[in-house]
Amino acid sequence: MSDDKKEILLEKVREFEKRTGHTVDSFPADPNNTASILNEKRHLSEPLSLEDAKKQMSARSRRGFLVGGATALIGIFGWRWMSDETKTSLYRKAFEFNEKVSQVFFRPSHLAADFPPERVTPIRTNGFEGLEQEIDLAAWTLTIAGLAGRADDLILTMADIKKLPRTEMITEFKCIEGWSTIVHWAGVKFSDFAAVYKPKTASGAPPDVAGKPEELLPYVAMSTPDEKYYVGWDMPSIMHPQTLIAYEMNGEPLRPENGAPLRIASPTKFGIKQIKRLGRIEFTSERPKDFWAEYGYDWYSGH
Amino acid sequence: MQKQLEKKHPLAIRWMHWINFPLLTMMIWSGLLIYWANQVYAIRLFGYELFKFFPQPFFDFLGIPQRLAEGMQLHFFFMWLFAVNGLIYVVYTLVSGEWRSILPVPSSLKRAPLVALHDAHIVKEKPPQGKYNDAQRIAYTAVILMGVGSVLTGLSIYKPLQLSFLTTLFGGYEWARWIHFWLTISFVLFFLVHVFQVIMAGWSNFRSMITGYDVIDAVEPKPEPAASEEAAV
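Residues numbered from 1 in each chain as written. Chains lettered and ligands numbered in written order. Predicted model: local features only at pLDDT ≥ 70, side-chain atom pairs only at ≥ 80, totals over all residues.

Right, let's get into the overall build of chain A. Per the secondary structure count, chain A includes 7 helices and 12 strands. Against the globule reference of 19 Å for 303 residues, chain A gives a C-alpha radius of gyration of 31 Å, more extended than a compact globule. Among the 303 residues that make up chain A, the fraction classed as buried is 33%. Intrachain contacts of chain A at a sequence separation of at least 6 include 64% that bridge at least 24 residues. (Helix = DSSP H or I, 4+ residues; strand = E, 2+ residues; numbered from the N terminus. Rg over C-alpha atoms; globule rule 2.2 N^0.38 Å. Buried ≥ 20, exposed ≤ 12 C-beta atoms within 10 Å, placed from the backbone. Contact = placed C-beta atoms within 7 Å.)

Next up, the structure:
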């Protein structure tokens, strides 16, 4: 088509566009048409010859399909052109953004449902990283680092843990794979533990664990004794009243495959974060490394 | 025969309609990558499993196994775009008055079967048709509600503790996941019927979702110039 003709056509389109304010009621004569019941409007051009209608439509079509096609191509090729590294970093940023949004709405007072004992389901076991070696339960100890008022690590035994207040809860355990079970846990609330073994504050001032938990170091790094499995937690989730350092599951001491002698149990995060066979706890200002986050899973994995 | 151009779909609706296509595709695809890790749903009748979601060859053919992490990355990135596009669509539809073309009324239930019978060439009588007929109104409203349902069940699976009221509303974590799954299947079924109907309706109808305009047989006499001036203001 010549440029002249194109210009004439475009002029017609513009002229028509001005006239599409020409609005009529839809099917006013038909009271049984939903369109007239709801007072739908139609936007109609003036009557045109078939030829004129075709011309106008072909100009519109060209524009519409060009814009649409170009957008689709930019979308498809833009996506393909993006390297895997760019996409990975995009997803990680999305996870981190989602984490920030989650934390805005996070309230320690929001509790997960506590189920009656008859709702407890059979134990389902998954994940053996960090549990490969035999464990001598009698020789097991828990190492704590990052405590207020001391530079060295503190070593605790099971007897020390058992001295702390015992808490039981029956909560839903959710695996990142998508299944869930209901488990009866017993152990020590992490917040009770931290009230005795106080974490450092970010400023170095003496900690007020119950009153001002937001002043504590923001992260907790935990790992198995062989350090082959490790997780990182944010302080608000680990201090949630339903986060336990658990030693019993469904009325029995933890079995080795479920994390004997001590593990984390919490409805605030997926199972991948509820580390088994806990060997070391460190309060830290740096975001800790996390076993499954290194495989592309959400570091926060919080509920 | 005189023709008229009818502006059927506003620019905003067209953009949001087409943007939704890749977004919903990505949500369903990434949802499949996630679902693979716990593939528990099936159609069962009297204890017999009629169809398992999904047969192993289906997963293998699409290369789905062992991609849970990637699925979650995609799902929790595209969820924002899907939800925001859907939210703008709903707000726009309400504010612009487009809802008048999409919502059904109670008597739509009476008229909708006529559409199916007419489409199946069983009944000759044409069902009342505005921009959409009553069956379309019910379908399009339902699919919007399905979108709302997907977002809400999705949120209740994503944050079952902080949004526990929502999770409880859907009958708990397991039920929320079940509803989320079946809503997805419903989207796929909607898509198949939608594409079939668009093919049946023909090119001019399809083109109207791209250009905004459809060509129709003239329905009214040419307005007086004065009236047309007035309308333009």
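Bringing helix H1 (residues 11-35) of chain B into the picture now. Residue and element names in this part refer to chain B. For H1, which comprises 25 residues, the first-to-last C-alpha distance of 36 Å matches the rise-based estimate of 36 Å (1.5 Å per residue) to within 8%. Most pronounced at Asn20, the bend in H1 amounts to some 25 degrees, and the proline Pro22 follows within four residues. When H1 is considered as a whole, its buried residues turn out to be Leu23, Leu24, Met27, Ser30, Leu33, Ile34 and Tyr35. (Expected span 1.5 Å × (residues − 1). Bend = angle between axes of the 7 residues up to and from the residue.)

Moving on to the pairing of strand E6 (residues 180-189) of chain A. Residue and element names in this part refer to chain A. As paired elements, strand E5 (residues 167-174) and E6 share 8 bridges and run antiparallel to each other. Counted as the bridge partner of Met169 is Trp185 from E6. What sits between the antiparallel neighbours E5 and E6 is a turn of 5 residues, in which Gly178 has the positive phi angle 120 degrees. (Pairing = 2+ DSSP bridges.)

Residue and element names in this part refer to chain B. Contact pair H1 / helix H3 (residues 68-96): the axes reach a minimum separation of 8 Å and the direction vectors enclose 155 degrees. When the axes of H1 and H3 are compared, the pair comes out roughly antiparallel. When you trace H1 past H3, the crossing you get is left-handed. (Axes fitted to C-alpha atoms, helices over the stretch in contact; angles between N-to-C directions. Parallel < 35°, antiparallel > 145°, perpendicular 65-115°, else oblique. Left-handed = near helix turned anticlockwise from the far one by under 90°.)

Sheet architecture is open: 4 strands sit in the order E1(A)-E2(A)-E1(B)-E4(B), paired in antiparallel fashion. Unpaired on one side and paired on the other, strand E1 (23-25) of chain A together with strand E4 (213-217) of chain B mark the two borders of the sheet. Direction aside, neighbouring strands of the sheet carry axes that sit 40 degrees apart on average. Pairing analysis gives 3 bridges linking E1 of chain A to strand E2 (residues 41-44) of chain A, with the strands arranged antiparallel. Bridge pairing in E2 of chain A places Val24 of chain A opposite Arg42 of chain A. Sheet strands in contact with helix H3 (residues 50-81) of chain A are strand E1 (3-7) and E4 of chain B, and its direction is about 30 degrees off that of E1 of chain B.

This part is about the confidence of the model for chain B. All names here are of chain B. Overall, the predicted model of chain B reaches an average pLDDT of 92, with 94% of residues at or above 70. Counted against residues more than four places away or in other chains, residues 227-233, with its pLDDT under 50, gives 9 contacts. ipTM for the predicted complex: 0.89, alongside a pTM of 0.90. (pLDDT = per-residue confidence, 0-100.)

Each packed pair of helices is defined by two parameters, the angle between the axes and the distance between the axes. All names here are of chain B. Two numbers describe how H3 lies on helix H6 (residues 134-158): the axes approach to 11 Å, and their chain directions differ by 140 degrees. On the basis of the axis angle, H3 is oblique to H6. Crossing handedness for the pair H3 and H6: left-handed. On H6, the residues touching Met79, Ala83, Gly86 and Val90 of H3 are Ile144, Gly147, Val151 and Gly154. Its residues placed into classes, the contact of H3 with H6 shows 5 nonpolar, 3 polar and no charged. (Nonpolar A, V, L, I, M, F, W, Y, C, P; charged D, E, K, R; others polar.)

Here we take up the interface of chain A and chain B. Size of an interface: often given as the accessible area lost when the parts come together. Facing 60 residues of chain A, the contacting portion of chain B comprises 50 residues. Of all the secondary structure elements, the ones that give two or more residues to the side of chain A that touches chain B are helix H1 (3-19), E1, helix H2 (34-37), E2, H3, helix H4 (84-105) and E5 of chain A. The element that contributes the greatest number of residues to the side of chain A that touches chain B is H3 of chain A, accounting for 10 residues. Residues of the side of chain A that touches chain B, tallied by class, amount to 25 nonpolar, 24 polar and 11 charged. Strand direction decides the pairing type here: E2 of chain A and E1 of chain B, joined by 2 bridges, are antiparallel. Looking at E1 of chain B, one finds that Leu44 of chain A is bridged to Glu6 of chain B.

Turning to the nonpolar core, a few remarks are in order. Ranked by internal contacts, the top residues of the largest apolar core, which has 49 residues, are Met222, Leu244, Ile245 and Ala246 of chain A. Top contributing element to this core by residue count: strand E9 (residues 244-249) of chain A, with 5 residues. Among residues more than four places away in sequence, those in contact with Ala246 of chain A are Trp185, Ala186, Gly187, Leu254, Arg263 and Ala265 of chain A. Counting 6 residues, the second-largest nonpolar core is a separate cluster that includes Leu24, Met27, Met79 and Phe187 of chain B. (Core = buried A, V, L, I, M, F, W, Y, C linked by C-beta atoms within 7 Å.)

The linkage connecting Ala260 of chain A with the following residue, Pro261 of chain A, adopts the cis geometry, with an omega of 0 degrees. In this chain, Phe53 of chain B is followed by Phe54 of chain B through a cis amide linkage whose omega measures -5 degrees. Here Phe54 of chain B is to be found in the loop between strand E3 (48-52) and helix H2 (56-62). In the Ramachandran plot, Asn39 of chain A falls in the positive-phi region, its phi being about 60 degrees despite a non-glycine side chain. On the basis of neighbour counts, which here come to 11 C-beta atoms within 10 Å, the residue Asn39 of chain A falls in the exposed class.

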